[in-house]
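Below, each chain spelled out in residue letters.
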Amino acid sequence: MNCANETGGILKEENKKWRGASRAMNIGTPSVQPSPTTESESGTSPMKWVPLLQTRLTDCPTDTLTRCTLASLLEELEKPEEALCHWNAVLLCDPDSLKARAGVARCRQRIGQPLQSHL
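These numbers come from a predicted model, not from an experiment. (Residues numbered from 1 in each chain as written. Predicted model: local features only at pLDDT ≥ 70, side-chain atom pairs only at ≥ 80, totals over all residues. Heavy atoms only, no water.)

**Considerations on the overall build of the protein**
Step number 1: Across its full length, the protein holds five helices and zero strands.
Step number 2: Beginning at the N terminus, the succession of helices and strands in the protein can be written as α-α-α-α-α.
Step number 3: With the model as given, the accessible surface of the protein reaches about 8,100 Å², and the carbon-plus-sulfur share is 54%. (Helix = DSSP H or I, 4+ residues; strand = E, 2+ residues; numbered from the N terminus. Areas by Shrake-Rupley, 256 points an atom, 1.4 Å probe, with all protein chains shown as cover.)

**A word on the nonpolar core**
Step number 1: Ranked by size, the top nonpolar core spans 16 residues in total, and within it Leu70 and Trp87 carry the most contacts.
Step number 2: Among the secondary structure elements, those contributing two or more residues to this core are α2 (46-59), α3 (64-76), α4 (80-93) and α5 (98-111). (Core = buried A, V, L, I, M, F, W, Y, C linked by side-chain atoms within 4.5 Å. Buried < 20%, exposed > 50% of the residue type's maximum accessible area, 1.4 Å probe, protein only.)

**Remarks on α2**
Step number 1: If you check α2, its first and last C-alpha atoms are 21 Å apart, about what 14 residues at 1.5 Å a residue would give, namely 20 Å.
Step number 2: Looking at α2, one finds that the buried residues are Trp49, Val50, Leu53, Arg56 and Leu57. Projected down its long axis, α2 carries its buried residues within an arc of 135°, all on one side. In α2, the exposed residues that point more than 90 degrees away from the buried face are Lys48, Leu52 and Thr58. (Expected span 1.5 Å × (residues − 1). Arc of directions from axis to C-beta.)

**Overview of the side chain of His86**
Step number 1: Turning to its location among the elements, His86 is positioned in helix α4.
Step number 2: Take His86: its relative accessible area is 14%, and that puts it in the buried class.
Step number 3: Once residues within four sequence positions are removed from consideration, His86 is found in contact with Leu57, Arg67, Leu70, Ala71 and Leu74. (Contact = heavy atoms within 4.5 Å.)

**Quick word on the environment of Val104**
Step number 1: Along the chain, Val104 turns up in helix α5.
Step number 2: Residues Val104 and Leu91, 13 residues apart in the sequence, show an inter-C-alpha distance of 9.3 Å.
Step number 3: Beyond its immediate stretch of four places on either side in the chain, Val104 contacts Leu84, Trp87, Asn88 and Leu91.

**Some details on unusual backbone geometry**
Glycine aside, the phi torsion of most residues is negative, and most peptide linkages are trans.
Step number 1: Even without a glycine there, the phi angle at Glu78 is positive, about 60°.
Step number 2: Note on placement: Glu78 falls in the loop between α3 and α4.

**Some points on the pattern of salt bridges**
Step number 1: Taken as a whole and assessed by the stated rule, the structure comprises three salt bridges.
Step number 2: Here Arg56 ties to Asp63 by a salt bridge, and the two come within 3.6 Å at their closest N and O atoms. Here Arg56 matches Asp63 in class, with each residue buried.
Step number 3: One salt bridge in this structure joins Glu75 and Arg110, with 3.2 Å as the shortest N-O distance. Placement of the pair is Glu75 in helix α3 and Arg110 in helix α5, with a sequence separation of 35 residues.
Step number 4: Given a relative accessible area of 6%, Glu75 falls into the buried group. (Salt bridge = Lys/Arg side-chain N within 4 Å of Asp/Glu carboxyl O.)

Structure representation (structure tokens):
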């Protein structure tokens, strides 16, 4: 997983950390990840996943897979305003993301915002 810092360089420490890990963690590459919406361990609630996913986004804000997972989880936790922010961030990185477009539509409908402007 490579993320650019403010100067555009690769974060070498992060790269070393993940070198031995699965290389399928790059953006846009499908990877097997535990689902935060299922209980993988007894006593694990979806609410515990939110700070973990947010921390991961702090490390790499352009990780659209993590952002989509977090947005979906926030929708399930009845937090459509927060989910909408993450869906919009996904669209900034990937304007053609059908998953993000559907998420935006769902969240706007729940919030009561119109899907299109009336200009």
